[in-house]
Amino acid sequence: QAQLLGAKGKRFAKKRYAEKAQMKKTLKMHDESSSRQKVDDDVEEGAIPSYLLDRDPTQRAKVLSNTIKQKRKEKAGKWDVPLPKVRPVAEEEMFKVLRTGKRKTKQWKRMVTKATFVGPGFTRKPPKYERFIRPTGLRFTKAHVTHPELKCTFNLDIISVKKNPNGPMYTSLGVMTRGTIIEVNVSELGLVTPAGKVVWGKYAQVTNNPENDGCINAVLLV
Ligand SMILES: *[C@@H]1O[C@H](CO)[C@@H](O)[C@H](O)[C@H]1NC(C)=O
């Protein structure tokens, strides 16, 4: 998330503060209504004044807690992805040990066996320093991205690998396995922000095993 600076940041903080205060109030109201209910229980039925008869503390507490739950759910659901869980990929499966050279004991070179993304203008490091080799046959620059609402698929350029669920090392290597979040260039879709700017980068989640299929299928996160 971008950092908000200056006046914008102040406005954001103010809004956030108001939201938090409201949340606290609601929670307090919720507590009060449940404690009041206890007192009400002690009083005999006939003793309740007529103007209180249509009050239903239990109902009210439930409604309040439901709104809180709803709000929490909304917050929690904000970052949901189509594939929340994926099978973890072991290191032995991800890398193949390269046995070359005269040294037999220390085998430190690894070949990545999964699909990868390397940025444009990438050059390999000199062999002495190259620990991970990403074969060109498994490098991808395009992905078939499906828009979940339009139900259309587009062949879009990959901009970067945002997150690999198996760990930050794979993210930085640009390894794309099932469930990986990638950033794609959606400029040809013609999406615009509420402010009227054209959107370029959007995130998508890989839904297939690219190393088996020879292509990358992904779902756009909207
Ligand atoms: C996205 O694609 C458009 C048109 O194909 C191109 O002009 C633009 O530079 C691309 N953006 C990125 C970030 O790659």
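Residues numbered from 1 in each chain as written. Predicted model: local features only at pLDDT ≥ 70, side-chain atom pairs only at ≥ 80, totals over all residues. Heavy atoms only, no water.

Draft legend 1. Focus on the packing of aromatic side chains. Throughout the structure, instances matching the rule amount to two aromatic pairs. Pairing Phe95 with Phe132 gives two aromatic rings, centres 5.1 Å apart and planes at 40 degrees, and the pair type is tilted. Of this pair, Phe95 sits in strand 1 (residues 95-97) while Phe132 sits in strand 4 (residues 132-133), and the two are 37 residues apart along the sequence. Classification of Phe95 as buried rests on a relative accessible area of 6%. Ring plane angle 35 degrees and centroid distance 5.7 Å describe the contact between Phe95 and Tyr170, whose orientation is recorded as tilted. Remark: Tyr170 occurs in helix 4 (residues 168-173) and Phe95 occurs in strand 1; sequence separation between them is 75 residues. Pairwise contacts between aromatic rings join Phe95, Phe132 and Tyr170 into one cluster. (Phe/Tyr/Trp six-rings, centres within 6.5 Å; stacked < 30°, edge-to-face > 60°. Helix = DSSP H or I, 4+ residues; strand = E, 2+ residues; numbered from the N terminus. Buried < 20%, exposed > 50% of the residue type's maximum accessible area, 1.4 Å probe, protein only.)

Draft legend 2. Quick look at the site of the ligand. With respect to spatial proximity, the complete set of residues near the ligand consists of Ile159, Asn185, Ser187 and Trp200. In the model, an oxygen atom of the ligand is placed 2.3 Å from a nitrogen or oxygen of the Asn185 side chain. Interatomic distance of 3.0 Å between a side-chain N/O atom of Ser187 and an oxygen atom of the ligand. Protein contact buries 42% of the 360 Å² of open area that the ligand shows by itself. Grouping the constituent residues of the shell around the ligand by class yields two nonpolar, two polar and no charged. (Near = heavy atom within 4 Å. Polar contact = N/O pair within 3.5 Å; in protein donor to acceptor, adjacent residues only side chain to side chain. Areas by Shrake-Rupley, 256 points an atom, 1.4 Å probe, with all protein chains shown as cover. Nonpolar A, V, L, I, M, F, W, Y, C, P; charged D, E, K, R; others polar.)

Draft legend 3. Representation of the sheet that holds strand 6 (residues 152-163) in the model. Spatially, five strands are ordered 5-6-8-9-10 in a closed barrel, and the strand pairing comes out mixed. Sheet twist, expressed as the average angle between the axes of neighbouring strands with direction ignored, equals 50 degrees. Of the strand pairs in this sheet, strand 8 (residues 181-185) and strand 9 (residues 201-206) are connected by five bridges, and their pairing is antiparallel. Among the inter-strand pairings, Asn185 is bridged to a residue of strand 9, identified as Gly201. (Pairing = 2+ DSSP bridges. Axes fitted to C-alpha atoms, helices over the stretch in contact; angles between N-to-C directions.)

Draft legend 4. Spatial organisation of unusual backbone geometry. One non-glycine residue, Lys151, adopts positive backbone phi at about 55 degrees. Within the element layout of this structure, Lys151 appears in the loop between strand 5 (142-147) and strand 6.

Draft legend 5. Layout of the nonpolar core. Among the nonpolar cores identified, the biggest contains 19 residues, and Val145, Met176, Ile182, Val184 and Ile216 are the most heavily contacted of them. Put simply, the parts of the chain that give this core at least two residues each are strand 5, strand 6, strand 8, strand 9 and strand 10 (217-220). In terms of residue count, strand 6 provides more of this core than any other element does, three residues in total. Among residues more than four places away in sequence, those in contact with Ile182 are Ala143, Ile158, Ser160, Val161, Lys162, Met176, Lys202, Tyr203, Ala204, Val206, Ile216 and Ala218. (Core = buried A, V, L, I, M, F, W, Y, C linked by side-chain atoms within 4.5 Å. Contact = heavy atoms within 4.5 Å.)

Draft legend 6. Representation of the sheet that holds strand 4 in the model. What the three strands build is an open sheet, ordered 1-2-4; its pairing is mixed. Strands at the two margins of the open sheet, each flanked by one partner only, are strand 1 and strand 4. Judged from the two bridges that link them, strand 2 (residues 110-112) and strand 4 form a sheet pairing that is parallel. Opposite Met111, over in strand 4, you have Ile133 as the bridge partner.

Draft legend 7. Spatial organisation of the side chain of Thr26. You can see Thr26 is positioned in helix 1 (residues 6-42). In contact with Thr26, not counting residues within four places along its chain, are Leu64 and Ile68.

Draft legend 8. Looking closely at the environment of Gln205. By the secondary structure assignment, Gln205 is in strand 9. Taking the C-alpha atoms as reference points, Gln205 and Val145, separated by 60 residues in sequence, lie 8.7 Å from one another. Non-local contacts of Gln205, meaning those with residues more than four positions away in its chain, are made with Val81, Pro82, Leu83, Gly179, Thr180, Ile181, Asn217, Ala218, Val219 and Leu221. From its side chain, Gln205 meets the backbone nitrogen of Leu83 in a polar contact 2.8 Å long.

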